[in-house]
Amino acid sequence: MITLTVRHRTTYRYRMAVSFGRHRMMLRPRESRDLRLISTELYISPAAVVTWAEDVFGNAVATADFGAMADTLVIDAVSQVRLDATAWPVFPIAASAQSYPFSYSPDEWTDLGALAMTQYPDPDQRLRRWARGFVGGDPTDTLAMLKDLSAGVSAWIAYQSREIEGTQSPTETLDRGWGSCRDFAVLFVEAARSLGFGARIVSGYLHNPQSAWVGSGGGSTHAWAEVFVPGAGWITFDPTNRRVGGADLIPVAVARDIRQAAPVSGGFHGRPDAFLGLTVEVEVGA
């Protein structure tokens, strides 16, 4: 068990004072059996009226409405969490799901819904063929196959940090042979879905004191994935680092699509050339 402090500071700068539209923020760590939220604070300048709600996935979403104009907008979230995830977890997979292929129960199919459906076009079935290459037999061990698929992402794709917004489609990532952690996560999730699994994207933070892992630098969040396996529930896979389980990972949001988990989104009203730049600072430490 370890207690960590997470600070995520976003600063927008403008040439002159502008007015701000409503901003949506997903910055509050998501509690689970492995993570306890001790405290969280959200500081915004200029002052804003902040309301909280939960989205369809149970993520905490803050909405800020502004009254004053300003030439700088600062959104600063500071949270303290207690992380109790084991480095090498044992998953109690149900006997019915230990070998792949298996079938979810009717209720599980209904509840997984869109999380079990691919979200990106794959007209030539390229992604599905690539994913099928990790299926060792019929039947094959479910967890071993998913581990191979996760490791296969980083074996096929070179990691490259990208500061620009947006995510590559899975086929774009396969074509280019490189991607960021969010591209790795999307590729893995879509590949798992193409094999019939329910899977979801996770956005959050990576505790990386020894700089042993990639995918999260000083100013970035991290993205990984979860796959639903009967008995075990949602199993965490970090394809960027070929890791299984939630050790050193601090989830903030789970989503069907990576676009639903943006940490901060919003706009401003002013001259088109008013925007000067954006900086993001992320610190995770004991």
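Below is a summary of the structure that appears in this document. These numbers come from a predicted model, not from an experiment. One numbering rule holds for all chains: residues counted from 1, following each sequence as written. With the structure being a predicted model, the display of local features is reserved for residues of pLDDT at least 70 and the display and counting of side-chain atom pairs for 80 or more, all residues being used for whole-chain, interface and lining totals. Only hydrogens and water are set aside when side-chain values are computed; all heavy atoms of the structure are taken into account.

### Topic: the pattern of salt bridges
Pairing between side chains of opposite charge can happen when their charged atoms approach one another. Keep this limit in mind: The term salt bridge refers to a side-chain nitrogen of Lys or Arg lying within 4 Å of a carboxyl oxygen of Asp or Glu. Put simply, DSSP H or I for four residues or longer makes a helix, DSSP E for two residues or longer makes a strand, and each gets a number counted from the N terminus. Categorising residues by exposure relies on relative accessible area from a 1.4 Å probe, with only protein chains included: less than 20% of the type maximum marks a residue as buried, more than 50% marks it as exposed, and the intermediate range marks it as partly exposed.
Here the structure, examined in full by the defined rule, presents ten salt bridges. In this structure, aspartate 76 engages arginine 7 in a salt bridge whose closest nitrogen and oxygen atoms are separated by 2.4 Å. Here aspartate 76, found in strand S6 (residues 70-83), pairs with arginine 7, found in strand S1 (residues 2-20); they are 69 residues apart in sequence, far enough to count as distant. With a relative accessible area of 34%, arginine 7 lands in the partly exposed category. The shortest N-O distance in the salt bridge between aspartate 248 and arginine 243 comes to 3.4 Å. Residue classification places arginine 243 among the buried positions, given a relative accessible area of 14%. Each of the salt bridges in this network shares a partner with another, and the network as a whole consists of Arg7, Arg9, Asp76 and Glu281.

### Observations concerning helix H5 (residues 181-194)
Note the cut-off: For a helix, the expected span equals 1.5 Å multiplied by the residue count minus one.
With 14 residues, H5 ought to run about 20 Å at 1.5 Å a step, and its terminal C-alpha atoms sit 20 Å apart, in line with that. Across the 14 residues of H5, 14 count as buried, placing the element largely inside the fold. Following H5 by one or two positions, glycine 196 adopts a phi angle in the positive range, close to 100°.

### A few points about the sheet that holds strand S11 (residues 198-206)
Condition: DSSP calls a pair of strands paired once it identifies at least 2 bridges connecting them. We call two residues contacting when some pair of their heavy atoms lies within 4.5 Å. Convention adopted: a line fitted to C-alpha atoms gives each axis, helices being fitted over their contacting stretch, and angles between N-to-C directions are expressed from 0 to 180 degrees.
Strand order in this open sheet of five strands is S14-S13-S12-S11-S15, and the pairing throughout is antiparallel. Both edges of this open sheet fall to strand S14 (243-244) and strand S15 (249-255), since each of them pairs with a single strand only. One ladder, built from two bridges, connects strand S13 (residues 233-238) with S14; its direction is antiparallel. Looking at the pairing, phenylalanine 237 lines up with valine 244 of S14. Strands in contact with helix H3 (residues 142-156) are strand S12 (222-229), S13 and S14; relative to S13, the strand with the most contacts, it is inclined by about 30°.

### Thoughts on the packing of aromatic side chains
The following threshold applies: Ring geometry is summarised as follows: Phe, Tyr and Trp rings, the Trp one being its six-membered ring, pair when their centres sit within 6.5 Å, and such pairs are stacked at plane angles under 30 degrees, edge-to-face over 60 and tilted between the two.
Applying the stated criterion to the full structure yields 14 aromatic pairs. Seen in terms of ring centroids, tyrosine 100 and phenylalanine 197 are 5.4 Å apart; in terms of plane orientation they differ by 15°. Their pairing is stacked. Taken as a pair, tyrosine 100 in strand S7 (residues 99-100) and phenylalanine 197 in the loop between H5 and S11 lie far apart in primary sequence, 97 residues in all. Note on tyrosine 100: relative accessible area 7%, which makes it buried. Overall, the relative accessible area of 1% leaves phenylalanine 197 in the buried class. Arranged with centres 6.0 Å apart and planes meeting at 85°, the rings of tryptophan 130 and tryptophan 156 form a pair that is edge-to-face. In this pair, tryptophan 130 is assigned in helix H2 (residues 126-132) and tryptophan 156 in helix H3, connecting sequence segments 26 residues apart. What makes tryptophan 130 buried here is its relative accessible area of 8%. Among the residues examined, tryptophan 156 registers a relative accessible area of 55% and is labelled exposed. Counting every residue linked through ring pairs, the aromatic cluster contains Tyr100, Phe102, Tyr104, Trp109, Phe197, Phe228 and Trp234.

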